[in-house]
Amino acid sequence: MVDEALYHNKLKQDAGVIILVLGLLYFSETYIVYNILSTLWGEVPGLGTIWPIYIVFYLLLIGIETIGCLRVYNSIKEHMFDFEYYD
């Protein structure tokens, strides 16, 4: 017999870990992109023309990571009873 309250509590903990991972990824990647762009802004004369490429790359990176983390969460949620994940 599966203790559903335990499983749902552990699923909430897993959701917290996934949110923490996403937060760390967002912060670190935003910091790196900001440092690169702020360093190059005054030194590279043609940076204004490739600025949109950096933004699109950054948004794709964030989007792909978000989708990946959401799929991991949904997979854990879907299979937590099947594989007795939290026992």
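Structure: above.
Definitions and cut-offs
Residues numbered from 1 in each chain as written. Predicted model: local features only at pLDDT ≥ 70, side-chain atom pairs only at ≥ 80, totals over all residues. Heavy atoms only, no water. Helix = DSSP H or I, 4+ residues; strand = E, 2+ residues; numbered from the N terminus. Buried < 20%, exposed > 50% of the residue type's maximum accessible area, 1.4 Å probe, protein only. Polar contact = N/O pair within 3.5 Å; in protein donor to acceptor, adjacent residues only side chain to side chain. Lys, Arg positive; Asp, Glu negative; His and termini not counted. Salt bridge = Lys/Arg side-chain N within 4 Å of Asp/Glu carboxyl O. Contact = heavy atoms within 4.5 Å. Phe/Tyr/Trp six-rings, centres within 6.5 Å; stacked < 30°, edge-to-face > 60°. Expected span 1.5 Å × (residues − 1). Axes fitted to C-alpha atoms, helices over the stretch in contact; angles between N-to-C directions. Parallel < 35°, antiparallel > 145°, perpendicular 65-115°, else oblique. Nonpolar A, V, L, I, M, F, W, Y, C, P; charged D, E, K, R; others polar. Patch = residues over 30% accessible without salt bridge, like charges linked within 9 Å, V, L, I, M, F, W, Y side chains within 5 Å. Areas by Shrake-Rupley, 256 points an atom, 1.4 Å probe, with all protein chains shown as cover.

Enquirer: Would you mind going over the environment of Thr39 with me for this structure?
Expert: Residue placement: Thr39 occurs in helix 1 (residues 4–41). On the accessibility criterion, Thr39 (46% relative accessible area) is partly exposed. Separated by 2.7 Å, the side chain of Thr39 and the backbone oxygen of Asn35 make a polar contact.

Enquirer: I'm lost on the side chain of Glu65 in this one. Help?
Expert: The residue Glu65 is located in helix 2 (residues 47–79) in this model. One buried charged residue, Glu65, remains without a salt bridge, the closest side chain of opposite sign being Arg71 at 15 Å. Beyond its immediate sequence surroundings of up to four residues, Glu65 is in contact with Leu22, Leu25, Tyr26 and Glu29.

Enquirer: Would you mind showing me how to read the packing of aromatic side chains here?
Expert: Given two aromatic rings, their pairing is described by the distance between the two centres and the angle made by the two planes. Applying the stated criterion to the full structure yields 1 aromatic pair. An angle of 15° between the planes, with centres 6.4 Å apart, marks the rings of Phe27 and Tyr31 as stacked. Within this pair, Phe27 and its partner Tyr31 are both found in helix 1, separated by 4 residues, close to a single helical turn. Looking at Tyr31, the relative accessible area reads 48%, which means it is partly exposed.

Enquirer: It is not clear to me how helix 2 should be interpreted in this structure. Could you clarify?
Expert: With 33 residues, helix 2 extends 47 Å between its outermost C-alpha atoms, agreeing within 8% with the 48 Å of an ideal straight helix rising 1.5 Å per residue. Buried residues of helix 2: Leu47, Tyr58, Ile62, Glu65, Cys69 and Ile76, and no others. Against helix 1 lie the buried residues of helix 2.

Enquirer: How should I be thinking about the packing of helix 1 against helix 2 in this particular structure?
Expert: A packed helix pair is summarised by two numbers, namely the angle formed by the two axes and the spacing between the axes. Their axes nearest at 11 Å, the elements helix 1 and helix 2 cross at an angle of 170°. Overall, the two elements helix 1 and helix 2 adopt an arrangement that is roughly antiparallel. By residue class, the composition of the contact of helix 1 with helix 2 is 20 nonpolar, 2 polar and 4 charged.

Enquirer: Can you help me understand a nonpolar patch on the surface in this one?
Expert: A surface patch of nonpolar side chains, about 440 Å² in accessible area, is lined by Phe27, Tyr31, Ile32 and Ile36. Following the sequence through the fold, Ile32 ends up in helix 1. We classify Ile32 as partly exposed; its relative accessible area is 47%.

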